[in-house]
Amino acid sequence: AQSVAQPEDQVNVAEGNPLTVKCTYSVSGNPYLFWYVQYPNRGLQFLLKYITGDNLVKGSYGFEAEFNKSQTSFHLKKPSALVSDSALYFCAVRDSGYSTLTFGKGTMLLVSP
Amino acid sequence: DAGVIQSPRHEVTEMGQEVTLRCKPISGHDYLFWYRQTMMRGLELLIYFNNNVPIDDSGMPEDRFSAKMPNASFSTLKIQPSEPRDSAVYFCASSLYISSTDTQYFGPGTRLTVL
């Protein structure tokens, strides 16, 4: 079975500060990990994914994520938050033996001016 | 490409009525997915198709829900009869392949309200 957890319902950060949105996963095979962002009244937009190779993955809008196999984590990061980053962020995982994605419940990121 | 297209964007109906949601996947994508998003349950996969054939419908909540894909460019999700607990945002997504590394692309969603 595959599962993913986002332990924080909401993350608050001031503009200009670094941000981290946490994600942990559980798979039986090799994990393939994804981050999506959802702006209000919009669909999910793909941000980045980890397949293999470098543990630090760079994606859209200045976001990056760090894959940590020993901690089974895939935290989303950005060095300097923008108010426009405020949105709902979803982590998703697919086990190497599975065909579908499993999504976390989402973390609301609020960036204050 | 215009991306995944869904219609209508908003639907308000009364309990017992039939509701039909529509989706046009990205051209050339062989896989199509229907998801439901609620506050309580998050994002749930309802059903997915490969080359217009339903592959896994284990996420469809009840027999009131049905989905079809008559051709590569069109899919419908139907609820008959609708109930207030069906109120949610329904997303359609498509992908080129279903390999472990492939990315799904989502439509803007249909917000369904059943009164």
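Computed from a predicted structure; not experimentally measured.

J.: Can you help me understand the pairing of strand β8 (residues 74–79) of chain B in this one?
T.: A regular strand carries its side chains on alternate faces of the sheet. All names here are of chain B. Taken together, the five bridges between strand β3 (residues 19–24) and β8 define a ladder with antiparallel strand orientation. Across the sheet, residue R22 finds its bridge partner in β8, namely T76. With five bridges connecting them, strand β7 (residues 65–71) and β8 associate as antiparallel partners. When the bridges of β8 are listed, N71 appears paired with F74. In sequence, β7 turns back onto β8 through a hairpin of two residues.

J.: Is there a simple way to explain the interface of chain B and chain A in this structure?
T.: How big an interface is tends to be stated in terms of accessible area lost as the parts join. In this assembly, 20 residues from chain B lie in contact with 22 residues from chain A. Here chain B packs against chain A, burying approximately 1700 Å² in sum over the two surfaces, 52% of which is carbon and sulfur. The interface formed by chain B and chain A contains zero salt bridges. Where chain B packs against chain A, one counts five residue pairs in polar contact (both at pLDDT 80 or more). Put simply, the parts of the chain that give the side of chain B that touches chain A at least two residues each are β4 (31–38) and β5 (42–50) of chain B. At three residues, the largest contribution of residues to the side of chain B that touches chain A is made by β5 of chain B. Taken together, the residues of the side of chain B that touches chain A break down into nine nonpolar, seven polar and four charged.

J.: Could you clarify how one ought to interpret the state of the cysteines in this entry?
T.: Residue and element names in this part refer to chain A. In this structure the tally under the stated criterion is two disulfides over all chains. Put simply, C23 and C91 are joined by a disulfide, and their sulfur atoms are 2.0 Å apart. Torsion about the S-S bond of the C23 and C91 cystine: about -60°, corresponding to left-handed handedness. Pair noted here: C23 is in the loop between β3 (19–21) and β4 (24–26) and C91 is in strand β10 (residues 87–95), with a separation of 68 residues, a long-range link.

J.: What is the right way to read the layout of surface pockets from this model?
T.: Picture a little ball the size of a water molecule; that probe, rolled over the atoms, points out where space is still empty. In this structure, the largest pocket encloses a volume near 670 Å³. Around the largest pocket sit 29 residues that line it, and Q38 and L88 of chain A together with Q37, M39 and R111 of chain B are the ones nearest its centre. Only β10 of chain A together with β4, β9 (88–95) and β11 (110–114) of chain B provide two or more residues apiece to the lining of the largest pocket. Residue composition of the lining of the largest pocket, by class: 12 nonpolar, 12 polar and five charged. Taken as a whole, the second largest pocket holds about 220 Å³ of empty space. As for the second largest pocket, its lining consists of 13 residues, and the residues nearest its centre are G43, L44 and Q45 of chain A together with F106 and G107 of chain B. For the lining of the second largest pocket, the element with the highest residue contribution is strand β6 (residues 44–50) of chain A, accounting for three residues. The class makeup of the residues in the lining of the second largest pocket is eight nonpolar, four polar and one charged.

J.: Sorry if this is basic, but what is going on with the side chain of S94 of chain B here?
T.: Residue and element names in this part refer to chain B. Here S94 shows up in strand β9. Polar contacts involving the side chain of S94 include one to the main-chain amide nitrogen of I26, which spans 3.3 Å. When sequence neighbours within four positions are dropped, the list of residues in contact with S94 reads V4, P25, I26, H29, Y31, L32, F33, T103, Q104 and Y105.

Thresholds applied
Residues numbered from 1 in each chain as written. Chains lettered and ligands numbered in written order. Predicted model: local features only at pLDDT ≥ 70, side-chain atom pairs only at ≥ 80, totals over all residues. Heavy atoms only, no water. Pairing = 2+ DSSP bridges. Helix = DSSP H or I, 4+ residues; strand = E, 2+ residues; numbered from the N terminus. Contact = heavy atoms within 4.5 Å. Buried area = accessible area lost by both parts, 1.4 Å probe. Salt bridge = Lys/Arg side-chain N within 4 Å of Asp/Glu carboxyl O. Polar contact = N/O pair within 3.5 Å; in protein donor to acceptor, adjacent residues only side chain to side chain. Nonpolar A, V, L, I, M, F, W, Y, C, P; charged D, E, K, R; others polar. Disulfide = S-S within 2.5 Å. 1 Å grid on protein atoms, 1.4 Å probe; cavity = no way out; pocket = protein on both sides within 12 Å on 5 of 7 lines; lining within 4 Å. Points joined across faces, edges and corners; volume = space filled by probe spheres on them.

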